[in-house]
Structures are given as structure tokens and as C-alpha cells.
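One letter stands for each residue in the lines below.
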Amino acid sequence: MESSEAIALRSLLEHQRVAALATLHEGEPAVSMTPYAWFPQGRGFVIHVSRLAMHTRDMLANPAVGLLMTAAPDPAVSPLALPRVSFRGCARQCLPAAVEHEPARAAYLTRFPESMELFSFTDFSLFVVEVRSARYVAGFGRAMTVGADQFAALMHGTV
């Protein structure tokens, strides 16, 4: 991936605050929306979800997930040309006793400070979505797949 594409990908993830979250619900695909923050060291994403939500129960039953982030629609640009990135990942609950809970919580609250009150609700918990691979479409004819290590390097700005 060229450095200009890496910068564009980081910018997309910085400016887009929500992702489509794909889970398996009783063996069938289900898609919902979730806010996300970057997990420290570029290893993936942090989401904060309610146990009442179907996607939370789905992730606990089967940790394989997908995330999709797209650039904001522009009437002057074909929807097929919108920059977008989809991730295949593994979601795992990040309980308060976990070593990574505080960094994950800090990352989420830095991005969504208005969510502080939700951390007092007992049905909400953090999940870390570890990236297995990413498919970045920068526009027509400009698509690339990267693995977990390359994605982490991209998020650190070392690629």
C-alpha cells in the first residue's frame, strides 16, 4: 500500500465514527451499527455495547465479525466510488479485570466522551475487535487487502 493510500485510510477511520457491524445470528448474517474507537497499538477496534443488543449476544456466541466503514456520501460521487474499508475480525469481551480494559476504555472515551455515563450501566461492556484482515477500496480500480500486522503498521504510520 502506498503512503498516500495509508494516509487516506487512516483519515477515513479518523473521520468516520460509526461502523456497520456484521455478526452471525443463529447461523444467519445480521448487521447493526456501532460507534468505534481504535484500539491502542493499531491492533483493532474498541466498541461499547449493551448486553440487551442482539449483536452482543451474537459476539459472545460466535466471535467472528465484520466491520465496514465508508466515507460520507457525496452527491457528486458515484456510491461505487466511495472510499471504504471492511474488516474481518474476532470480537472478544474486554472485562474490567483485564489488563487491556483501561487502555480500551480510555481510547473509547477519548473518542466519545459523551459516553461516560454508559460505563455506569451494568449491561454495557467493552469488546475488542482484533483485525484479521482488511479490504480497503480507495476508489474505482484501487483496492487492496492487508493482514493484521500490516494494518497495525498502517495505524502507526510506519507504512
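Since the model is a prediction, treat every value here as computed from it, not as a measurement. (Residues numbered from 1 in each chain as written. Predicted model: local features only at pLDDT ≥ 70, side-chain atom pairs only at ≥ 80, totals over all residues. Heavy atoms only, no water.)

**Details of the side chain of His101**
Alright, step 1. Structurally, the position occupied by His101 is in helix H3 (residues 101–111).
Alright, step 2. Judged by relative accessible area, His101 falls into the buried class, the value being 12%.
Alright, step 3. Dropping the residues within four chain positions of it, His101 is found in contact with Cys94, Leu95, Pro96 and Leu126. (Helix = DSSP H or I, 4+ residues; strand = E, 2+ residues; numbered from the N terminus. Buried < 20%, exposed > 50% of the residue type's maximum accessible area, 1.4 Å probe, protein only. Contact = heavy atoms within 4.5 Å.)

**Some points on the pattern of salt bridges**
Alright, step 1. Inspection of every chain in the model, using the stated rule, returns 4 salt bridges.
Alright, step 2. The residue Arg43 makes a salt bridge to Glu100 at a minimum N-O spacing of 3.6 Å. Of this pair, Arg43 sits in the loop between strand S3 (37–39) and strand S4 (44–50) while Glu100 sits in the loop between strand S6 (84–94) and H3, and the two are 57 residues apart along the sequence.
Alright, step 3. Under the relative-accessibility criterion, Arg43 is labelled partly exposed at 42%.
Alright, step 4. Judged by its relative accessible area of 19%, Glu100 falls in the buried class. (Salt bridge = Lys/Arg side-chain N within 4 Å of Asp/Glu carboxyl O.)

**Topic: the pairing of strand S8 (residues 142–147)**
Alright, step 1. Taken together, the 6 bridges between strand S7 (residues 124–139) and S8 define a ladder with antiparallel strand orientation. Across the sheet, Ala134 pairs through a bridge with Val146, a residue of S8.
Alright, step 2. The turn joining S7 and S8, which pair antiparallel and follow one another in sequence, is formed by 2 residues; a positive phi near 70 degrees is taken by Gly141. (Pairing = 2+ DSSP bridges.)

**A few points about H3**
Alright, step 1. All of the buried residues in H3 are His101, Ala104, Ala107, Tyr108, Leu109 and Arg111.
Alright, step 2. Those residues of H3 hidden inside the fold are in contact with helix H1 (3–15), strand S2 (28–35), S3, S4, S6 and S7.

**Overview of the pairing of S6**
Alright, step 1. Inspection of the sheet shows strand S5 (residues 64–70) paired to S6 by 7 bridges, in the antiparallel sense. Across the sheet, residue Gly66 finds its bridge partner in S6, namely Arg88.
Alright, step 2. As paired elements, S6 and S7 share 11 bridges and run antiparallel to each other. From the neighbouring strand, Gly89 faces S7, where its bridge partner is Val131.

**Concerning unusual backbone geometry**
Alright, step 1. Although it is not a glycine, Glu26 sits at a positive phi angle of roughly 50 degrees.
Alright, step 2. Along the chain, the position of Glu26 falls in the loop between strand S1 (18–25) and S2.

**Focus: the nonpolar core**
Alright, step 1. If you look at the biggest cluster of nonpolar residues, it comprises 29 residues, and the most contacted ones within it are Leu13, Phe45, Met69, Val85 and Phe87.
Alright, step 2. Counting residues per element, the ones that place at least two in this core are H1, S1, S4, S5, S6, S7, S8 and helix H4 (148–156).
Alright, step 3. Top contributing element to this core by residue count: S7, with 6 residues.
Alright, step 4. Setting aside anything within four residues of it in sequence, one finds Met69 in contact with Leu12, Leu13, Gln16, Val18, Ala19, Tyr36, Phe45, Arg84, Val85 and Phe87.
Alright, step 5. Counting residues in hydrophobic clusters, the runner-up holds 11 residues, among them Ala37, Tyr108, Leu109 and Leu126. (Core = buried A, V, L, I, M, F, W, Y, C linked by side-chain atoms within 4.5 Å.)

**A word on H1**
Alright, step 1. Spanning 13 residues, H1 covers 18 Å between terminal C-alpha atoms, matching the ideal 18 Å at 1.5 Å per step.
Alright, step 2. Among the residues of H1, Glu5, Ala6, Leu9, Arg10, Leu12 and Leu13 are the ones counted as buried. What you see down the axis of H1 is that its buried residues fit within an arc of 155 degrees, all on one side. Turned more than 90 degrees from where H1 packs its buried face, Ile7, Glu14 and His15 sit exposed. (Expected span 1.5 Å × (residues − 1). Arc of directions from axis to C-beta.)

Function cannot be inferred from these measures alone, as they are strictly geometric.
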